[in-house]
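A look at the structure
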Amino acid sequence: MIPTRSLRRMMAAASAVALLATQASAFDTSARAAFVLDYTTGTVLMAKNADEALPPASMSKLMTLYMAFEAVRDGRLTLDERLPVSEHAMSYGGSTMFLNTTDRVAVEDLLRGIIVLSGNDACAVIAEALSPNGTESGFAELMTRRAQQLGMSNSTFENASGWPAPNHRMSVRDLSLLATRIIEDFPEFYPIFSERRFEFDGRAPSNVNNRNPLLRLDIGADGLKTGHTQEAGYGLVGSAEQDGRRVIFTISGLDSERARAEEAESIVNWAFRQFAERTLVEQGTAVAQADVWLGAEDSVGLVAKEDVTLLVPVTPGTMLEAEVVYTGPLRAPISAGQQLAELIIRPEGLPEHRVPLFAEKAVAGGGFGQRMMVVSQALLTRLNDSSGEAM
């Protein structure tokens, strides 16, 4: 049991709770913006310039892919359907599938061309097929509206590929949210993101390998998308899973391909090595005793209705701060399971977590004699205090 104390006269009680000795190991990223999410627990491990709208480069292709996946799921596209290639799509430079206007390309190949090869031309083909007016710009308007619906409040699009444009912007938080939605909403497509190689029709031998540097490492990485332009620098939306725990992250604004690879690997290793899930409170086990006023008993245990399992730093060091807060003393009668207090847990460097606490058992009101005794004691205490002040 964790000791606690209450402040009388109906004030909020707050008591320190020793749960686990831990100290967070901070990560000082060199990225212009970064967002790291422990997907399993929903804990934000890092947020640097997380809501700044930045040029996302090819990382914004994830939005095109999300909308393409939706179209396949809804029956507006089929994987074996073959789409024409326009002059506009063929005109794209940069990373391409080397498509031309004589091609009709299967949707499944276009999806792989976007995911593995980062094909700008493939994005345009998909965009024109799904656009309300047959243009890429029309599809970009749909992208912006759909992003807002998904909660990406710092995202606007001018094209489907991430080609540099003044108002083509996304925040790293939005990109991580989008990655989360892809993983959750389209598990049937997500394995494509871990494919290291895609040879389309033998026509682009210089562009057959996935650019995600984490896929070559044995660290559980299985997605998602790199990006690079002169304006945006080097970026990556990544995800990795180890022992059933998944981390999703976005970094942006690195100055080289090597820096991106090293930073991404370091973030994954940091997230898995410096943090772990721990059960801090067990269901039904009293974490504290709260004082009771005019009751058959003078205290009641405070319990959680379920195990409290949190992600916490694992490096030995300072104490994990926590406190039990309630307005006390609590007045009897008290029902078993009645919500009485709150446990506030503050892991160093991480968001605080609040847990409601409930009465471990019922406490009846005290009998007349017991009530008189309590009142008498309170009066004597007040008289003694008054006498001391008069002296």
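These numbers come from a predicted model, not from an experiment.

Here the focus is the sheet that holds strand β4 (residues 43–48). By way of backbone hydrogen bonds, the strands of a sheet pair with one another, either parallel or antiparallel. With antiparallel pairing, the five strands of this open sheet are ordered in space as β4-β3-β9-β8-β7. Unpaired on one side and paired on the other, β4 and β7 (221–229) mark the two borders of the sheet. Each neighbouring strand pair of the sheet contributes to a mean axis angle of 5°, computed without reference to strand direction. In the sheet, strand β8 (residues 233–242) pairs with strand β9 (residues 245–254) via eight bridges, with the strands oriented antiparallel. Residue pairing for β9: valine 237 is matched across the bridge by threonine 250. Most of the contacts of helix α7 (residues 257–273) go to β9, to which it runs at about 150°, and overall it touches β3 (33–38), β4, β7, β8 and β9.

Position of aspartate 103 relative to the elements: it lies in the loop between α2 (87–90) and β6 (104–106). Considering only alpha carbons, one finds aspartate 103 and valine 85, 18 residues apart in sequence, at a separation of 6.1 Å. Aspartate 103 has contacts with Leu83, Pro84, Val85, Phe98 and Arg203, leaving out every residue within four places of it along the chain. Among the polar contacts listed, one links the side chain of aspartate 103 to the backbone nitrogen of asparagine 100, at a separation of 2.8 Å. Here arginine 203 takes part through its side chain, which lies 2.7 Å from a polar atom of the side chain of aspartate 103.

We now examine the nonpolar core. One finds Met63, Phe69, Leu110 and Phe193 to be the most contacted residues of the largest nonpolar core, which totals 56 residues. Counting residues per element, the ones that place at least two in this core are α1 (61–74), α3 (107–115), α4 (120–130), α5 (136–149) and α6 (172–185). Considering each element in turn, this core owes the most residues, nine residues, to α1. Beyond its immediate stretch of four places on either side in the chain, leucine 110 contacts Leu83, Met97, Leu99, Val105, Ala122, Val125 and Ile126. Within the second largest apolar cluster, 27 residues are counted, among which are Ala288, Ala290, Val300 and Ala332.

Rules used throughout
Residues numbered from 1 in each chain as written. Predicted model: local features only at pLDDT ≥ 70, side-chain atom pairs only at ≥ 80, totals over all residues. Heavy atoms only, no water. Pairing = 2+ DSSP bridges. Helix = DSSP H or I, 4+ residues; strand = E, 2+ residues; numbered from the N terminus. Axes fitted to C-alpha atoms, helices over the stretch in contact; angles between N-to-C directions. Contact = heavy atoms within 4.5 Å. Polar contact = N/O pair within 3.5 Å; in protein donor to acceptor, adjacent residues only side chain to side chain. Core = buried A, V, L, I, M, F, W, Y, C linked by side-chain atoms within 4.5 Å. Buried < 20%, exposed > 50% of the residue type's maximum accessible area, 1.4 Å probe, protein only.

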